[in-house]
Amino acid sequence: MQLVPSPITATVDFAAPGVQHGYLRLPYSRDDAAWGSIMTPIAVVNNGDGPTALLTGANHGDEYEGPIALFDLSSTIRAEDVSGRIIIVPAMNYPAFGAGTRTSPIDRGNLNRSFPGRPDGSVTQKIADYFQRVLLPMSDIVLDFHSGGKTLDFLPYCAAHILPDKRQEAQSFDLVRAFGAPWSVRMLEIDAVGMYDTAAEEMGKIFVTTELGGGGTATAHTAGIAKRGLKNLLIAAGLLKGDVDAQPTQWLDMPDADCFTFAEDGGLIEFLADLGDHVVQDQPVARIFPVARTGLLPVTVTAGRAGVMMARHFPGIVKPGDCVAVIGVEVEG
């Protein structure tokens, strides 16, 4: 069966030497622009021999540390400091980034659950397809920045996954260590189908990701971690000149589904433990107050295992099924 070509075209030449700034142009006909396009910014830096790194942010549009670090890098990087090729896409889900939403305002697509995508599908599926068939195959190393967006808050960490290919796994964790976030995580995904992570890892790529805060904003602290960690990773990978700014990190493991605690009731949440707190199994970590009337007792939510509270729900109101807390286990790096 003949593959349908991607409707996305790049205004940069991925093979040309030097620094280029351009767009990934996706035709998008709409009410206010019959022959309109979605113009996703991209930068390519190419100099000599070396690996290719694909750097992405705003896979979810309400997560900002990645875009800050990547727009900053694109404005300052020099070709003479690079060995190999660096592809920078600060906001891969550009419609969601512009709207400040997790999913696309056009089709409600969650880009990080849309892989491998479709060239003849929705806008989000077309973006996923371009990364799947064009950008990922030309890359050796992938760094995809995340944070908690508007609905979660995290200890600032860099992470990779436990993989069947132990060489690929070890290379990924080497770059996690070099990134130098305050926390480093051996990550377990509870919903890995359709993820960008999975698409990259199944191609044998070295894949590194982050969760650097949350609440739908970035702080000076978390943006600083992103910028320093980005440069550290590129230096450690041999792509950027300089010395790694080594930082202490505490490793966390997510060994099983007991790390995740979910709400079974909706209402007003009161946390009884904060990020970074040590908890024991069955310890109350939150209470949820019914809000339809007064006089009703809150429902207690408990930890599924002992460990460190590494993530929590962010808004003050929760719904049944929302993730309330994530508990990680401290391990040696």
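Residues numbered from 1 in each chain as written. Predicted model: local features only at pLDDT ≥ 70, side-chain atom pairs only at ≥ 80, totals over all residues. Heavy atoms only, no water.

Draft legend 1. Layout of the sheet that holds strand S16 (residues 299-302). Here 4 strands make up an open sheet; going across it, the order is S16-S15-S13-S18 and the pairing antiparallel. Both outer strands of the open sheet, S16 and strand S18 (317-318), are each paired with one neighbouring strand and no more. Alignment of strand S15 (residues 284-289) against S16, held across 4 bridges, turns out to be antiparallel. Residue Ala 286 lies in a different strand from S16, and its bridge partner there is Val 301. (Pairing = 2+ DSSP bridges. Helix = DSSP H or I, 4+ residues; strand = E, 2+ residues; numbered from the N terminus.)

Draft legend 2. Broad picture of the pattern of salt bridges. The final tally for this structure, using the stated rule, is 10 salt bridges. A salt bridge links Arg 102 to Glu 63, with the nearest nitrogen and oxygen atoms 3.7 Å apart. With Arg 102 in the loop between helix H2 (94-99) and helix H3 (123-135) and Glu 63 in the loop between strand S4 (52-56) and helix H1 (65-76), this residue pair connects regions lying 39 residues apart in the sequence. When its relative accessible area of 34% is taken as the criterion, Arg 102 is described as partly exposed. Across the salt bridge formed by Arg 133 and Asp 129, the nearest N and O atoms sit 2.7 Å from each other. Of this pair, Arg 133 and Asp 129 both sit in helix H3, 4 residues apart, which is roughly one turn of the helix. Through salt bridges with shared partners, one network takes in Arg 78, Glu 80 and Asp 81. (Salt bridge = Lys/Arg side-chain N within 4 Å of Asp/Glu carboxyl O. Buried < 20%, exposed > 50% of the residue type's maximum accessible area, 1.4 Å probe, protein only.)

Draft legend 3. Quick look at H3. Here H3 contains 13 residues, and its C-alpha end-to-end distance of 17 Å stays within 8% of the 18 Å for a straight helix at 1.5 Å per residue. Counting buried positions along H3 yields 10 of 13 residues, so the element is predominantly enclosed. Of all the positions in H3, only Val 123, Thr 124, Lys 126, Ile 127, Ala 128, Asp 129, Tyr 130, Phe 131, Gln 132 and Leu 135 are classed as buried. (Expected span 1.5 Å × (residues − 1).)

Draft legend 4. Representation of the layout of surface pockets in the model. Looking at the largest pocket, its volume works out to about 730 Å³. Of all the secondary structure elements, the ones that give two or more residues to the lining of the largest pocket are strand S7 (152-154), strand S10 (206-211), strand S12 (260-262) and strand S19 (323-331). Here the element with the most residues in the lining of the largest pocket is S10; it accounts for 3 residues. For the lining of the largest pocket, the per-class residue count stands at 14 nonpolar, 10 polar and 8 charged. The two domains that each donate at least three residues to the lining of the largest pocket are domain 1 (9-252) and domain 2 (258-331). (1 Å grid on protein atoms, 1.4 Å probe; cavity = no way out; pocket = protein on both sides within 12 Å on 5 of 7 lines; lining within 4 Å. Points joined across faces, edges and corners; volume = space filled by probe spheres on them. Nonpolar A, V, L, I, M, F, W, Y, C, P; charged D, E, K, R; others polar. Domains from an automatic or database assignment.)

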